[in-house]
Amino acid sequence: MNNGETGMKKILFVFLLLCISTTAFAKDEIYTVANGTKLKCTGEMVNGSIDDYKNVVDYYTIENNKIYSRNLIELYGNINKDPKKVLKLKITDDKITFKDKYTEVWAINYKWVRIDRHTGEYTFSAKRDLGTWYRKANVRGKCSIIE
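Residues numbered from 1 in each chain as written. Predicted model: local features only at pLDDT ≥ 70, side-chain atom pairs only at ≥ 80, totals over all residues. Heavy atoms only, no water.

Visitor: Residues and numbers for unusual backbone geometry, please.
Guide: A negative phi angle characterises most non-glycine residues, just as the trans form characterises most peptide bonds. One non-glycine residue, Asn 64, lies in positive phi territory at about 50°. By secondary structure assignment, the location of Asn 64 is in the loop between β2 (55–63) and β3 (66–69). (Helix = DSSP H or I, 4+ residues; strand = E, 2+ residues; numbered from the N terminus.)

Visitor: Explain the side chain of Asp 100 to me, and be specific about the residues and the numbers.
Guide: Along the chain, the position of Asp 100 falls in strand β6 (residues 95–103). No salt bridge forms around the buried Asp 100; measuring N to O, its nearest opposite-charge neighbour Lys 111 is 5.1 Å away. Reaching out from Asp 100, the side chain makes a polar contact with the side chain of Ser 69 at a distance of 2.9 Å. Beyond its immediate chain neighbours, meaning those up to four positions away, Asp 100 contacts Ser 69, Leu 72, Val 86, Asn 109, Tyr 110 and Lys 111. (Buried < 20%, exposed > 50% of the residue type's maximum accessible area, 1.4 Å probe, protein only. Lys, Arg positive; Asp, Glu negative; His and termini not counted. Salt bridge = Lys/Arg side-chain N within 4 Å of Asp/Glu carboxyl O. Polar contact = N/O pair within 3.5 Å; in protein donor to acceptor, adjacent residues only side chain to side chain. Contact = heavy atoms within 4.5 Å.)

Visitor: Give me the side chain of Lys 99: which residues, what numbers.
Guide: Note that Lys 99 resides in strand β6. Of the buried charged residues, Lys 99 lacks a salt bridge, with Asp 100 as the closest side chain of opposite charge at 9.9 Å. In this view, Lys 99 contacts Val 86, Leu 87, Tyr 110, Lys 111 and Trp 112; residues no more than four positions away in its chain are not counted.

Visitor: Describe the pattern of salt bridges, naming the residues involved and giving the relevant values.
Guide: All chains considered together, the criterion is met by six salt bridges. With its nearest N and O atoms 3.9 Å apart, the salt bridge here joins Lys 54 to Asp 51. For Asp 51, a relative accessible area of 52% gives the class exposed. Note that Arg 140 and Glu 121 form a salt bridge whose closest N and O atoms lie 3.0 Å from each other.

Visitor: How would you sum up the packing of aromatic side chains? Please name residues and give values.
Guide: Any aromatic ring pair is given by two values, namely how distant the centres are and how the planes are angled relative to each other. Going through the model one piece at a time under the given rule, you end up with five aromatic pairs. Where Tyr 110 meets Trp 112, the ring centres are 5.3 Å apart and the plane angle is 15°; that geometry is what we call stacked. For Tyr 110, a relative accessible area of 14% translates into the label buried. Overall, the relative accessible area of 39% leaves Trp 112 in the partly exposed class. (Phe/Tyr/Trp six-rings, centres within 6.5 Å; stacked < 30°, edge-to-face > 60°.)

Visitor: Which residues make up the sheet that holds strand β1 (residues 38–48), and what values go with them?
Guide: Strand order in the open sheet made by the nine strands is β4-β3-β2-β1-β9-β8-β7-β6-β5, with antiparallel pairing throughout. What marks the edges here is a single partner per strand, and that holds for β4 (84–85) and β5 (87–91). One ladder, built from seven bridges, connects β1 with β2; its direction is antiparallel. Following the sheet pairing, Gly 43 is matched in β2 by Val 56. (Pairing = 2+ DSSP bridges.)

So this is what it looks like as C-alpha cells:
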C-alpha cells in the first residue's frame, strides 16, 4: 500500500467520524417547530416531594405555533379529555419555555417547562397546590423529536 492510499483511507475515516458525530448531535437538537411536530421528553426528579415525577415521560404536540399537552390531564384528570394549549409559550432559536396548568376540584397543578433547542435538555419545576399546602418537584431530562 502506498502513501496515497493510506492518506485517502485516513481522510475517509475522519469523514466517517464527522458524519457519525453530526448525526448523534442532531438527534438531541429540536431543529423544527413546524405543524405536526411531536416531542417526547423523559426525565427524573432531581429534588422535591411529588412522587408522580420520580420518572417522567411527557409528550408535546406543536400545531399552528402553539404547543398542546395531555400530560397533566392524564396524570391528574380525565384521560378522555382533549389536549390543552400550554400557557405563556415562548419559542426562540435557543429555547422553548411555557407553563402547563391543570385545575382539579381541590388542587391546581403547574409545570414551568424549559427545553433547550440545541442540546434537547428538558427541565421543569412543578407545583401541586392543594389550597392550604403544596408540594414541589424539579425534574431534569432530555427531549427529542419523534415525528
